[in-house]
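If you want the building blocks of each chain, they are given just below.
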Amino acid sequence: MLAVISLAALLGPLLALPKRWHLPVVLGELVAGVVLGPSVIGYLNAGNATFTFLADIGFALIMFVAGARVPLRDPNLRAGLRTGVLRAACVGLLAVVPAFLLARAFGTGHTALYAVLMASSSAALILPIVDSLSLAGRPVLEMLPQVAVADTACIVALPLVIDPVHAARAALGALAVTGCAAVLFVVLRRLERGGYRRRLHRLSEERRFALELRISLVLLFALAALAVRTHVSIMLAGFSFGLVVSAVGEPRRLAKQLFALTEGFLGPLFFLWLGASLDLRQLGSHPSYILLGLLLGAGALVAHAAMRVGGQPVAVGVLAAAQLGVPVAAATLGTQLHLLKPGEAAALMLGALVTIGAATLASSLSVRADSVPAAAAR
């Protein structure tokens, strides 16, 4: 089964290979999971306990890497923080109206969930696009804090809005997880400034102990255990710890080790599990959810593109609308807790794919028009 999963995961890099398409690797992995899952072949069973456990580990690592990629130490991020926060807040407010209309029209009652989805941005998806295309200039620098703030706020808010009946319990759990992450930040920063981390690094490199990776996994899984105990998603644990590592400074050796572990095995396994958990046959039985997915994606694009009123280029606004982590988490949590209607999880992922497609097109057009590339900034 693992051999099949590893082979199928190669579809991600194959689809992402043509650079002019700018497709995220996870797209092919999701497609492979859908094909191997109950939607088509029926080989993969997302209910398998071992498969689910490995997928949970991959989910925690994916969110950790996403948090670690938020450039908290970048001076450009701090320079545009005020503008970014204001735009993220405006997008959130604008998303409420279409979220309410969609929840009423489709009878799901998920206004808060849809608002969070449409307001979210994926730092893990957008930052690699910016780097690979060498996008720069003031609009892009102002977009980075907007994406970081929106990504963080929506990940924190998601457990509260997806299950409002237990929102108070989720809030306490989120407070416990973020509080422990804050304590970890203080401790790790002191160890970094005292030179202890560098000594550990030298010892680990000389003796090939991989101590930084081992310790990081201990802390990550301890936070994940706390999240599970306090009825909060491991998503928050992974992302919080990733932000801590980003704020302290992620060692390059650790970054490479985590990249190999996450992107080479457990990350693709999670996305195949997610694809296998989405039974697209339910969309055939409930075709209205196809329209819901398309409208969720369109609502996110309109809410972000509306920042043109505040001076943000439409292409940059559309790029900021790209979402992945929050819809993935919403589909995962909703499926696990049985909070979504049949076909609704697939609709959430369809909405995310709409934003990814639009962001890919917007970034390509930006490069071709030479509107925001680094050369123009220089």
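Preceding this paragraph is the structure being described.
Residues numbered from 1 in each chain as written. Predicted model: local features only at pLDDT ≥ 70, side-chain atom pairs only at ≥ 80, totals over all residues. Heavy atoms only, no water.

**Observations concerning the overall build of the chain**
Now for step 1: Summing up its helical and strand segments, the chain has 20 helices and zero strands in all.
Now for step 2: Along the three orthogonal principal directions, the C-alpha set of the chain runs to about 60 × 50 × 45 Å.
Now for step 3: Split by element, the accessible area of the chain, about 17,100 Å² in all, is 67% carbon and sulfur.
Now for step 4: Looking at charge distribution, the chain has the averaged site of its 29 positive side-chain charges lying 5 Å from that of its 16 negative ones. (Helix = DSSP H or I, 4+ residues; strand = E, 2+ residues; numbered from the N terminus. Areas by Shrake-Rupley, 256 points an atom, 1.4 Å probe, with all protein chains shown as cover. Lys, Arg positive; Asp, Glu negative; His and termini not counted. Charge placed at Lys NZ, Arg CZ, Asp CG, Glu CD.)

**A few points about a nonpolar patch on the surface**
Now for step 1: A surface patch of nonpolar side chains, amounting to about 580 Å² of accessible area, comprises Met1, Val4, Val31, Val35, Val40, Ile41 and Tyr43.
Now for step 2: Among the structural elements, Met1 can be located in the segment before helix H1 (2-8). (Patch = residues over 30% accessible without salt bridge, like charges linked within 9 Å, V, L, I, M, F, W, Y side chains within 5 Å. Salt bridge = Lys/Arg side-chain N within 4 Å of Asp/Glu carboxyl O.)

**Re the packing of helix H6 (residues 81-106) against helix H9 (residues 138-162)**
Now for step 1: In contact at an axis separation of 7 Å, H6 and H9 are set at 50 degrees when each is read in the N-to-C sense. Taken as axis vectors, H6 and H9 run oblique relative to one another. For the element pair H6 and H9, the recorded crossing hand is right-handed. Where H6 abuts H9, its residues Leu81, Thr83, Gly84, Val85, Arg87, Ala88 and Val91 lie against Glu142, Pro145, Gln146, Val149 and Ala150.
Now for step 2: A per-class count over the contact of H6 with H9 returns seven nonpolar, three polar and two charged. (Axes fitted to C-alpha atoms, helices over the stretch in contact; angles between N-to-C directions. Parallel < 35°, antiparallel > 145°, perpendicular 65-115°, else oblique. Left-handed = near helix turned anticlockwise from the far one by under 90°. Contact = heavy atoms within 4.5 Å. Nonpolar A, V, L, I, M, F, W, Y, C, P; charged D, E, K, R; others polar.)

**Thoughts on the packing of aromatic side chains**
What characterises a pair of aromatic rings is the spacing of the ring centres plus the angle enclosed by the ring planes.
Now for step 1: Counted by the stated rule, this structure contains four aromatic pairs.
Now for step 2: Measuring from centroid to centroid gives 4.9 Å for Phe59 and Phe270, while their planes differ by 10 degrees, and the two rings are stacked. Of this pair, Phe59 sits in helix H4 (residues 49-68) while Phe270 sits in helix H14 (residues 252-277), and the two are 211 residues apart along the sequence.
Now for step 3: The exposure class assigned to Phe270 is buried, which follows from its relative accessible area of 1%.
Now for step 4: Pairing Phe270 with Trp273 gives two aromatic rings, centres 6.0 Å apart and planes at 25 degrees, and the pair type is stacked. In this pair, Phe270 and Trp273 both sit in helix H14, three residues apart, roughly one turn of the helix.
Now for step 5: Classification of Trp273 as buried rests on a relative accessible area of 5%. (Phe/Tyr/Trp six-rings, centres within 6.5 Å; stacked < 30°, edge-to-face > 60°. Buried < 20%, exposed > 50% of the residue type's maximum accessible area, 1.4 Å probe, protein only.)

**What to know about the pattern of salt bridges**
Now for step 1: Enumeration according to the criterion identifies four salt bridges in this entry.
Now for step 2: Linking Glu142 and Arg87 is a salt bridge whose minimum nitrogen-to-oxygen distance equals 3.2 Å. Of the two residues, Glu142 sits in helix H9 while Arg87 sits in helix H6, which places them 55 residues apart along the sequence.
Now for step 3: Under the relative-accessibility criterion, Glu142 is labelled buried at 12%.
Now for step 4: For Arg87, a relative accessible area of 8% corresponds to the buried category.
Now for step 5: With a shortest N-O distance of 3.0 Å, Glu192 and Arg197 are connected by a salt bridge.
Now for step 6: Salt bridges here are not isolated pairs; linked through shared partners, they connect Glu192, Arg197, Arg198 and Glu212.

**A word on the nonpolar core**
Now for step 1: Counting residues in each nonpolar core, the largest one holds 109 residues, and the members touching the most others are Tyr114, Met143, Leu158 and Phe270.
Now for step 2: Ranked by residue count, the leading element in this core is H4, at 11 residues.
Now for step 3: Those residues in contact with Leu158 that lie beyond four places of it in its chain are Leu113, Met235, Val326, Ala329, Ala330 and Leu333.
Now for step 4: Core analysis: the next-biggest nonpolar cluster, separate from the first, contains six residues, Leu301, Ala321, Ala358 and Ala362 among them. (Core = buried A, V, L, I, M, F, W, Y, C linked by side-chain atoms within 4.5 Å.)

**Comments concerning unusual backbone geometry**
Now for step 1: Phi angles above zero are rare outside glycine, and Ala210 is one such case at about 55 degrees.
Now for step 2: With respect to the helices and strands, Ala210 occurs in the loop between helix H11 (196-207) and helix H12 (211-229).
Now for step 3: The exposure class assigned to Ala210 is partly exposed, which follows from its relative accessible area of 22%.

**Re the environment of Ala224**
Now for step 1: Relative to the assigned elements, Ala224 resides in helix H12.
Now for step 2: Along the chain, Ala224 and Leu236 lie 12 residues apart, while their C-alpha atoms are 8.2 Å from each other.
Now for step 3: Here Ala224 is in contact with Ile234 and Ala237, once residues within four sequence places are set aside.

It is worth stressing that arrangement in space is one thing and function is another; only the former is reported here.
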